[in-house]
Amino acid sequence: MTIQKLFLTFFGAGLSPKAPGTVGSLASLPVGLAVLYYFGTETLFMLTLAITIIGIFEVNKYEQATGIHDHQQIVIDEAAGMWLSLMIAYSTATVMNYPYAEILSIVFSFAAFRLFDIWKPSTIGWIDRELKGGLGVMLDDVLAGFAGGMLSALILMAIEKLF
């Protein structure tokens, strides 16, 4: 496997025969958690920014070589979106004053990211349909990650207010 394919498939997660986007998101979750735990939010943010920028260029190269737009095996975009959702939710959970907030943030960030990534409402869907190349592939997932993180944060805050 080439380095490009290893990167684009997030170490092979995108090669899953069923639900490669979900598998890619799940595979990126423990990596994101490890980076958060050992190196902090700032490092995960910089890593997310780096894979997003590199992803744009690598997806462009892949699409030019194969002629295939947004191949289902490409899941580096899911990793970027998942990590953004996780950062927002987990940062919110660390200031909540109830048990299991951090665990809930992990579950909510995954579920909300997948919701927005599959549903593609509003601007997320427009980007997915209209923007071609690596920018379109990466940006719709980055927006889905932001929306998923914000929804997760709102749910975490609502739980604190209710209990």
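These numbers were taken from a predicted model, which means no experiment stands behind them.

Conventions we followed
Sequence order sets the numbering: in each chain, residues are counted from 1 along the sequence as written. Confidence filtering applies because this is a predicted model: local features only for residues at pLDDT of at least 70, side-chain atom pairs given and counted only at 80 or more, and all residues used for totals across whole chains, interfaces and linings. Note: side-chain values were computed over all heavy atoms of the structure, leaving out hydrogens and water. Each nonpolar core is a collection of buried residues, namely Ala, Val, Leu, Ile, Met, Phe, Trp, Tyr and Cys, held together in the definition by side-chain atoms within 4.5 Å. Relative accessibility under 20% of the residue-type maximum defines a buried residue, over 50% an exposed one, and the middle range a partly exposed one, all with a 1.4 Å probe and only protein chains included. Numbered from the N terminus, helices here are DSSP runs of H or I no shorter than four residues, and strands are runs of E no shorter than two. Contact between two residues is taken to exist if any of their heavy atoms lie within 4.5 Å; hydrogens are not considered. In this analysis, the expected span of each helix is defined as 1.5 Å times one less than the number of residues it contains. To get the bend at a given residue, fit one axis to the seven residues ending there, fit another to the seven starting there, and take the angle between those axes. Stacked, edge-to-face and tilted labels apply to pairs of Phe, Tyr and Trp rings (six-membered ring for Trp) whose centres lie within 6.5 Å, assigned for plane angles under 30 degrees, over 60, and everything in between, in that order.

A. Spatial organisation of the nonpolar core. Counting residues in each nonpolar core, the largest one holds 31 residues, and the members touching the most others are Leu8, Phe10, Leu44, Ile51, Ile74, Ile76 and Met82. Looking at this core, the elements with two or more residues in it are α2 (20–39), α3 (41–66), α4 (76–93), α5 (101–119) and α7 (133–162). Residue contributions to this core peak at 9 residues, all from α4. Residues in contact with Ile74, not counting those within four places in the same chain, are Leu8, Val59, Tyr62 and Val137.

B. Focus on α3. In this model, α3 (26 residues) spans 36 Å end to end at C-alpha, consistent with the 38 Å of a helix rising 1.5 Å per residue. Most pronounced at Gly55, the bend in α3 amounts to some 25 degrees. For α3, every residue scored as buried is listed here: Leu44, Thr48, Ile51, Thr52, Gly55, Ile56, Glu58, Val59, Tyr62 and Glu63. Close packing links the buried residues of α3 with α1 (3–8), α2, α4 and α7. Phi turns positive, to about 75 degrees, at Gly67, one or two residues after α3.

C. Region of interest: the packing of aromatic side chains. What the rule picks out here adds up to 4 aromatic pairs. Geometrically, the ring pair formed by Phe10 and Phe11 is edge-to-face, given 5.1 Å between the ring centres and 75 degrees between the ring planes. On the basis of relative accessibility, which here comes to 63%, the residue Phe11 falls in the exposed class. Measuring from ring centre to ring centre gives 4.8 Å for Tyr37 and Tyr38, while their planes differ by 90 degrees; the resulting arrangement is edge-to-face. For the pair Tyr37 and Tyr38, one class covers both residues: exposed. Here a set of aromatic residues connected by ring pairs shows up, and it is made of Phe10, Phe11 and Trp83.

D. Looking closely at unusual backbone geometry. Located in the positive-phi region is Tyr100, a residue other than glycine, with phi close to 70 degrees. Among the secondary structure elements, Tyr100 is positioned in the loop between α4 and α5. The class for Tyr100 is exposed, based on a relative accessible area of 61%. The residue Ser122 is not glycine, and still its phi comes out positive at about 50 degrees. Here Ser122 shows up in helix α6 (residues 122–130). Assessed through its relative accessible area of 62%, Ser122 is described here as exposed.

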